[in-house]
There are 2 protein chains.
Amino acid sequence: MDERFLLMIPGPTFTEQSVLLSLARVTRSHVSREFEDVLRESLDALKKILNTDGEVIIMPGSGTSAMEFSIANFVNPGSKVLNLISGYFGEYFVQATRARGGVPVEVRCRPGLGFRGKGIRELVEREGAKVLTVQHVETSTGVANYIKEIGEELKNTETIYVVDAVASLGGMEINMREWGIDVVFTGSQKALAVPPGLAIIGLSKRAVELIEEEKRELFFFDGRRWLAMMRNVRNYFSTMPVNMIYALNESLKRILSEGLENRYLRHKVVAEAIRGGLEALGLNIVADKEFRSDTVTAVWLPENVKFQDLSNEMMRRNIVIAGGLGELAGKIFRIGHMGVANPNDAVSTIAALERSLSKLGYPVKLGSGVEASQQIFNKYNL
Amino acid sequence: MDERFLLMIPGPTFTEQSVLLSLARVTRSHVSREFEDVLRESLDALKKILNTDGEVIIMPGSGTSAMEFSIANFVNPGSKVLNLISGYFGEYFVQATRARGGVPVEVRCRPGLGFRGKGIRELVEREGAKVLTVQHVETSTGVANYIKEIGEELKNTETIYVVDAVASLGGMEINMREWGIDVVFTGSQKALAVPPGLAIIGLSKRAVELIEEEKRELFFFDGRRWLAMMRNVRNYFSTMPVNMIYALNESLKRILSEGLENRYLRHKVVAEAIRGGLEALGLNIVADKEFRSDTVTAVWLPENVKFQDLSNEMMRRNIVIAGGLGELAGKIFRIGHMGVANPNDAVSTIAALERSLSKLGYPVKLGSGVEASQQIFNKYNL
């Protein structure tokens, strides 16, 4: 595999050269005005992307650590958390809730299905849950839950609404203010198209107030200390990852200059074209039609095709795909199409998949998947 | 201030160009064999530097998060932790202990003093502490505690010995095996000369066993999950900061190629020369002679010299210094001299300090500080 490989996994995603080169800028002091300017600009851009009336926190970490932050600051020992679970990462919320001493109320659906709004309010009230958690995109199945509908159900309730947007933020619309979301988090390496290493948390005004009112005994994930540092870097608590913030800042500038609507549309069309190509090849997509995300697609492996073989064949063609997690390991493969993924990447991926599957004995009419993708791009004049 | 400024603060430190450029390498998949090779090489290098019979964990984070890991995995709610506190970061251990539900037993000394081994064993036994924590170098005062002596006192006891080596690892010798240290941690941006963003934790064999035996309800800081991922990146738990590990790997190669003894000697001589220069200017060093570290020097501000004025004057001369933390804010200034700091940096710093102090009305015979530094470098034939 040469250096021009395509990283078609659900993160880390491909990063543009200008973003990578930003990483290599000379490291400034973490409490300098120069660094603070870059951090401030990044926080402002994220607030725009999230449309929040509250604040944003960035820390060294990952989506997993951002999840711990989102639970630790809003769950007290013994309090109930309603965990809507549509896959592997839904289970992460259960573990995070337990680690905090919270009581998880677990609601599961089968792989491929997700959650809509209807009935959520009744469920929360019946269970007396103080916090509700859900994935926007469940990365393990490519399912997109209807976070807007769920938010509308929770409006005017006391329930704290926590959304894992690790696989969606920057690729699919999220509107914290209008959808009533209190806490949203992601990692840098997904649709924000930055290398991994940052945890990013968006907070509503109410969430900020809750952090400031409740004095929880926390250390690294103490929201009050992070808020203080985001407002003024001289409120030193933990050293900020200066170079990673340079890269984030560069990518955020590119995101806003592309335009959020354009960006979401690009994700939608690329996703549609990839799904079209896959289905033309007779492959079955894990997510039900109603729940398909614009950022990651999970596909059932054809009979007699092993993931490792498919992965090797794709890798030989310079394209990296992902396998299944947990109970889906060995049963599915996954294609990430987020961040800077474009029609060329989609066509290359479907084409390489045709040749790889053909090589592995799966019957393929070469070009048939690509043709289906082409029709979709053509429809959008791309 | 132009791009050729010297970062003479106690971290982030100056990073060499080859390390910065490593950050900009194309991001590989976090579960790829290519990335695993780089991670493995980095872990092996760290094991050498730490001389541990156990294992090493690297995660996205900071020294602060590494401290939380070191407490969370070894302290149970209600169990006693002896915190030896020689400054601002000593207090961090108290907070981390409380966050975990542990009971801190706080032993303090005045700024400038540190801890030696004598009497420690009796103290631990009297208090019934299961864990002892101490800073190797207390960054806020430049004090180096005698971690070797303390380790010798704790040998053949059950006490888990946790050392904060944030400001020392890579600049001063640490020998986990011979000094009986169970847990050591640092951040990437100090004497390891990498940009900030990584938490690094060294574990003794016993510490690894303790993590694996005790099933604590943890999430992001769950040691078992991190150990599993360090052993095989396909044990995915949280996305590794791929590009930061590239940079760490490059710096570790340079550290081992300099040679650990050479590196520690360089730190010792540069520190001595900086102190010599400072004292020749009539300035008073915070740390008592017995406790002076080789990585950071804290200095009392002369009467009538404000930190902000001194910092501005130094910055105008392209040298960044740090101020005091907590109760020492406004009373001291601090010079970091770790990582890749060399005699040229030391001379430039002392010389700029002469001009800056002179400008601010403090009586200076220009060249007198530099002369004293020169004498010391000359003694070592540098």
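Criteria and cut-off values
- Residues numbered from 1 in each chain as written.
- Chains lettered and ligands numbered in written order.
- Predicted model: local features only at pLDDT ≥ 70, side-chain atom pairs only at ≥ 80, totals over all residues.
- Heavy atoms only, no water.
- Helix = DSSP H or I, 4+ residues; strand = E, 2+ residues; numbered from the N terminus.
- Rg over C-alpha atoms; globule rule 2.2 N^0.38 Å.
- Contact = heavy atoms within 4.5 Å.
- Expected span 1.5 Å × (residues − 1).
- Pairing = 2+ DSSP bridges.
- Salt bridge = Lys/Arg side-chain N within 4 Å of Asp/Glu carboxyl O.
- Buried < 20%, exposed > 50% of the residue type's maximum accessible area, 1.4 Å probe, protein only.
- Arc of directions from axis to C-beta.
- Buried area = accessible area lost by both parts, 1.4 Å probe.
- Lys, Arg positive; Asp, Glu negative; His and termini not counted.
- Phe/Tyr/Trp six-rings, centres within 6.5 Å; stacked < 30°, edge-to-face > 60°.

1. Considerations on the overall build of chain A
Here is step 1 of the chain: Across its full length, chain A carries 14 helices and 14 strands.
Here is step 2 of the chain: In summary, chain A has a C-alpha radius of gyration of 21 Å against a globular reference of 21 Å for 382 residues, a match within 12%.
Here is step 3 of the chain: Dimensions of chain A, computed from C-alpha atoms along their principal axes, come out at roughly 65 × 55 × 35 Å.
Here is step 4 of the chain: Expressed as a percentage of contacts within chain A between residues at least 6 apart in sequence, the contacts between residues at least 24 apart total 72%.

2. Focus on helix α11 (residues 260-280) of chain A
Here is step 1 of the chain: For α11(A), with 21 residues, the first-to-last C-alpha span of 30 Å sits near the 30 Å given by 1.5 Å per residue.
Here is step 2 of the chain: Among the residues trailing α11(A), Gly282(A) stands out with phi positive, at a value near 80°.

3. Details of the sheet that holds strand β11 (residues 296-300) of chain B
Residues and elements named next belong to chain B.
Here is step 1 of the chain: An order of β11-β14-β13 is seen for the three strands of this open sheet, with the pairing classed as antiparallel. Edge positions in the sheet fall to β11 and β13 (322-323), since each has one partner strand and no second.
Here is step 2 of the chain: One ladder, built from five bridges, connects β11 with strand β14 (residues 332-336); its direction is antiparallel. What sits directly across from threonine 297, in β14, is isoleucine 335.

4. Observations concerning the pattern of salt bridges
Here is step 1 of the chain: Counted by the stated rule, this structure contains 61 salt bridges over all chains.
Here is step 2 of the chain: For Glu258(A), the salt bridge goes to Arg266(A), with nearest N and O atoms at 2.7 Å.
Here is step 3 of the chain: Residues Arg224(B) and Asp222(B) are paired through a salt bridge, measuring 3.7 Å at the closest nitrogen-oxygen approach.
Here is step 4 of the chain: For Asp222(B), a relative accessible area of 7% translates into the label buried.
Here is step 5 of the chain: Each member of the salt-bridge network shares a partner with another, and the members are Glu91(A), Arg98(A), Glu106(A) and Arg108(A).

5. Thoughts on helix α6 (residues 147-154) of chain B
All names here are of chain B.
Here is step 1 of the chain: Within α6 the residues assigned to the buried category are Ile147, Ile150, Gly151 and Leu154. Seen along its axis, α6 keeps its buried residues to an arc of 100°; they face one direction.
Here is step 2 of the chain: Contacts from the buried residues of α6 go to β3 (80-85), α5 (120-127), β5 (131-135), β8 (160-164) and α7 (176-179).
Here is step 3 of the chain: Positive phi appears at asparagine 156, one or two residues downstream of α6, with a value of about 65°.

6. Some remarks on the interface of chain B and chain A
Buried accessible area, meaning the area lost when the parts come together, often serves as the stated size of an interface.
Here is step 1 of the chain: Contacts between the two partners involve 54 residues from chain B, matched on the other side by 54 residues from chain A.
Here is step 2 of the chain: With both sides pooled, the region where chain B packs onto chain A buries about 4400 Å², and carbon together with sulfur makes up 64% of that total.
Here is step 3 of the chain: Counting the surface chain B buries against chain A, the share from its top three residues, Val26(B), Arg28(B) and Phe219(B), is 14%.
Here is step 4 of the chain: Viewed at the interface, chain A and chain B are joined by two salt bridges.

7. Digging into the side chain of Arg100(A)
All names here are of chain A.
Here is step 1 of the chain: One can find arginine 100 in the loop between α4 (88-99) and β4 (103-108).
Here is step 2 of the chain: For the buried arginine 100, which has no salt bridge, the nearest side chain bearing the opposite charge is glutamate 214, at an N-O separation of 7.2 Å.
Here is step 3 of the chain: Other than its neighbours up to four places away in sequence, arginine 100 contacts Ile71, Ala72, Val75, Asn76, Pro77, Arg216 and Leu218.

8. Re the pairing of strand β9 (residues 183-187) of chain A
All names here are of chain A.
Here is step 1 of the chain: Counted residue by residue, β9 has five buried out of five residues, so it is predominantly covered.
Here is step 2 of the chain: Of the two faces of β9, the one holding Val183, Phe185 and Gly187 and the one holding Val184 and Thr186 are both buried throughout.
Here is step 3 of the chain: Across three bridges, the pairing between strand β8 (residues 160-164) and β9 is parallel. From the neighbouring strand, aspartate 164 faces β9, where its bridge partner is phenylalanine 185.
Here is step 4 of the chain: Relative to strand β10 (residues 198-203), β9 runs antiparallel, the two sharing five bridges. From the neighbouring strand, threonine 186 faces β10, where its bridge partner is isoleucine 200.

9. Quick notes on the packing of aromatic side chains
Think of a pair of aromatic rings as described by two things: how far the centres are apart, and how the planes are tilted against each other in angle.
Residue and element names in this part refer to chain A.
Here is step 1 of the chain: All chains considered together, the criterion is met by 27 aromatic pairs over all chains.
Here is step 2 of the chain: Between the aromatic rings of phenylalanine 93 and phenylalanine 185, the centroid separation amounts to 5.9 Å while the plane-to-plane angle is 70°, which identifies the pairing as edge-to-face. In this pair, phenylalanine 93 sits in helix α4 while phenylalanine 185 sits in strand β9, placing the two residues 92 residues apart along the sequence.
Here is step 3 of the chain: Assessed through its relative accessible area of 0%, phenylalanine 93 is described here as buried.
Here is step 4 of the chain: Relative accessible area serves as the criterion here: at 0%, phenylalanine 185 is assigned to the buried category.
Here is step 5 of the chain: Geometrically, the ring pair formed by phenylalanine 220 and tryptophan 226 is edge-to-face, given 5.5 Å between the ring centres and 85° between the ring planes. Across the pair, exposure class does not vary: phenylalanine 220 and tryptophan 226 are buried alike.

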